[in-house]
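A closer look at the structure
Listed below, chain by chain, are the residues.
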Amino acid sequence: MSHLRLGAATGETPAEPITSTGGVLFRAHDIFSSVELQAMRIDGLLRRVCGNSYARADHHLDPASRAQSAILCVPASLRAKVALARQSAAWVYGCAPLPETVNLVTDHRRRTTALPPFSEALMHQVALGPCDVRVVGGVGVTAPLRTALDVAVHGHDDWAVPTLVRLAAHPDLRCDLVLVVRALEATRRVPGKNRALARLQSAMHSG
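Summary of the structure given here. These figures come from a predicted structure and were not determined experimentally. (Residues numbered from 1 in each chain as written. Predicted model: local features only at pLDDT ≥ 70, side-chain atom pairs only at ≥ 80, totals over all residues. Heavy atoms only, no water.)

1. Remarks on unusual backbone geometry
Phi is mostly negative for residues that are not glycine, and the peptide bonds are mostly trans. Let me state the cut-off plainly: Note on conventions: DSSP H or I runs of at least 4 residues are helices, E runs of at least 2 residues are strands, and numbering of each starts at the N terminus. Each residue's exposure class comes from its accessible area (1.4 Å probe, protein chains only) as a fraction of the maximum for that residue type: buried when under 20%, exposed when over 50%, partly exposed otherwise.
Although it is not a glycine, Arg 86 adopts a positive phi angle of roughly 55°. As for its position among the elements, Arg 86 is in helix 3 (residues 86–92). Of note in the backbone geometry, Arg 174 takes a positive phi value of approximately 50° without being a glycine. Within the secondary structure, Arg 174 is located in the loop between helix 5 (160–169) and helix 6 (177–185). For Arg 174, a relative accessible area of 74% puts it in the exposed group.

This is the structure we're talking about:
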């Protein structure tokens with residue numbers, strides 16, 4: 001897929017630091033074992049966020065904490081080289097259900113070590129334009145417009161259109177699906193292009 005200049009300029013979404021050594025997010029085997037964290041979840045002190053990450057029960061999950069919990073499923077050496085994408089990015093923005101596997105993308109021109117066997121994440125090498133990734137809570141996440149494009153092309157029928165509707169309706173994301181349609185129409189050799197356009201049209205006429 002060619003570069004799609006969809007998003008706003010790359011920017012940082014500020015957030016309080018959330019670490020497993022002090023904050024609201026905890027990862028199994030950093031301070032507490034998985035058994036201890038599950039016990040605290042049963043006691044109502046924590047809730048599971050993503051993978052083996054848990055948040056304090058009194059913490060309101062926001063895009064930053066969701067992004068930080070998802071990236072903990074990725075080896076530390078790869079975290080700066082990848083971005084959360086597709087359903088995972090839509091989940092970070094609060095517009096999709098949590099996927100079973102963390103979805104990642106990395107630019108195909110970049111040398112990136114493969115994920116380890118039995119990883120909790122799935123990585124795709126794609127073409128990323130200069131506006132396709134933003135930083136959310138210190139984590140790379142595909143920008144809303146790029147996320148909408150990926151959801152339209154790669155999403156599943158049971159959640160793709162509702163997710164597109166939520167992305168477009170979110171007041172802070174500025175995700176105009178008309179721009180996504182134009183970018184997709186101008187792009188050649190996209191598998192599932194007609195289905196993706198149909199999903200976008202359905203989302204735009206929903207409600």
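2. What to know about the sheet that holds strand 2 (residues 25–27)
For clarity, the threshold we go by: For two strands to be treated as a pair, DSSP must find no fewer than two bridges joining them. Every axis in this analysis is a line fitted to C-alpha atoms, fitted for helices over the stretch in contact. Angles between the N-to-C directions lie between 0 and 180 degrees.
Taking strand neighbours across the sheet as the criterion, the three strands line up as 2-4-3 in an open arrangement whose pairing is antiparallel. In this open sheet, the two edge strands, each paired with only one partner strand, are strand 2 and strand 3 (46–50). Within this sheet the neighbouring strands show an average axis-to-axis angle of 35°, counted without direction. One ladder, built from four bridges, connects strand 3 with strand 4 (residues 53–56); its direction is antiparallel. Pairing of Cys 50 across the sheet is with Ser 53, part of strand 4.

3. A word on the packing of helix 4 (residues 144–154) against helix 5
When two helices pack together, their arrangement is captured by the angle between the axes and the distance separating the axes. This is how it is decided: Any angle between 65 and 115 degrees counts as roughly perpendicular, while under 35 counts as roughly parallel, over 145 as roughly antiparallel, and the rest as oblique. When the near helix sits turned anticlockwise from the far one by under a right angle, the crossing is termed left-handed; a clockwise turn instead gives a right-handed crossing. Any two residues whose heavy atoms approach within 4.5 Å at even a single point are treated as in contact.
Interhelical geometry of helix 4 versus helix 5 gives an angle of 165° and a closest axis separation of 9 Å. Taken together, the axes of helix 4 and helix 5 lie roughly antiparallel to each other. Of the two elements, helix 4 crosses helix 5, and the hand of that crossing is left-handed. Judged by residue contacts, Thr 147, Ala 148, Val 151 and Ala 152 of helix 4 engage Ala 160, Thr 163, Leu 164 and Leu 167 from helix 5.

4. Section: the environment of Leu 45
Note that Leu 45 resides in the loop between helix 1 (34–42) and strand 3. In this structure the C-alpha to C-alpha distance between Leu 45 and Ala 55, which are ten residues apart in sequence, comes to 8.6 Å. Residues in contact with Leu 45, not counting those within four places in the same chain, are Met 40, Ala 55, Arg 56 and Ala 57.

5. Details of the side chain of Arg 66
Rules: Counting rule applied: Lys, Arg positive; Asp, Glu negative; His and chain ends not counted. Any Lys or Arg side-chain nitrogen located within 4 Å of an Asp or Glu carboxyl oxygen qualifies as a salt bridge.
Secondary-structure assignment places Arg 66 in helix 2 (residues 63–71). Buried Arg 66, no salt bridge; nearest opposite-charge side chain is Asp 62, N-O distance 6.5 Å. Residues within four places of Arg 66 in sequence aside, it is in contact with Leu 61, Trp 91, Val 92, Tyr 93 and Gly 94.

6. Here we look at the pairing of strand 6 (residues 102–107)
With respect to burial, strand 6 is a largely interior element, six of its six residues being buried. Of the two faces of strand 6, the one holding Val 102, Leu 104 and Thr 106 and the one holding Asn 103, Val 105 and Asp 107 are both buried throughout. Of the strand pairs in this sheet, strand 5 (residues 83–84) and strand 6 are connected by two bridges, and their pairing is antiparallel. Paired with Leu 84 across the strands is Leu 104, a residue of strand 6.

7. Remarks on helix 1
The following threshold applies: Each C-beta atom gives one direction from the helix axis, and the arc is the one those directions make.
Inspection of helix 1 places Ser 34, Leu 37 and Met 40 among the buried residues, and these make up the whole buried set. Mapping the buried residues of helix 1 onto a view down its axis gives an arc of 125°, with all of them on the same face. Turned more than 90 degrees away from the buried face of helix 1 sit Val 35 and Ile 42, all of them exposed. Next to the buried residues of helix 1 lie strand 2, strand 3 and strand 4. Immediately downstream of helix 1, the backbone of Gly 44 shows phi near 85°, a positive value.

8. What about the state of the cysteines?
The test is simple: Here, a disulfide means two cysteine sulfur atoms that sit within 2.5 Å of each other.
Under the definition given, this model contains zero disulfides. You can see Cys 175 has no disulfide; the closest cysteine sulfur is in Cys 95, sitting 8.1 Å from it.

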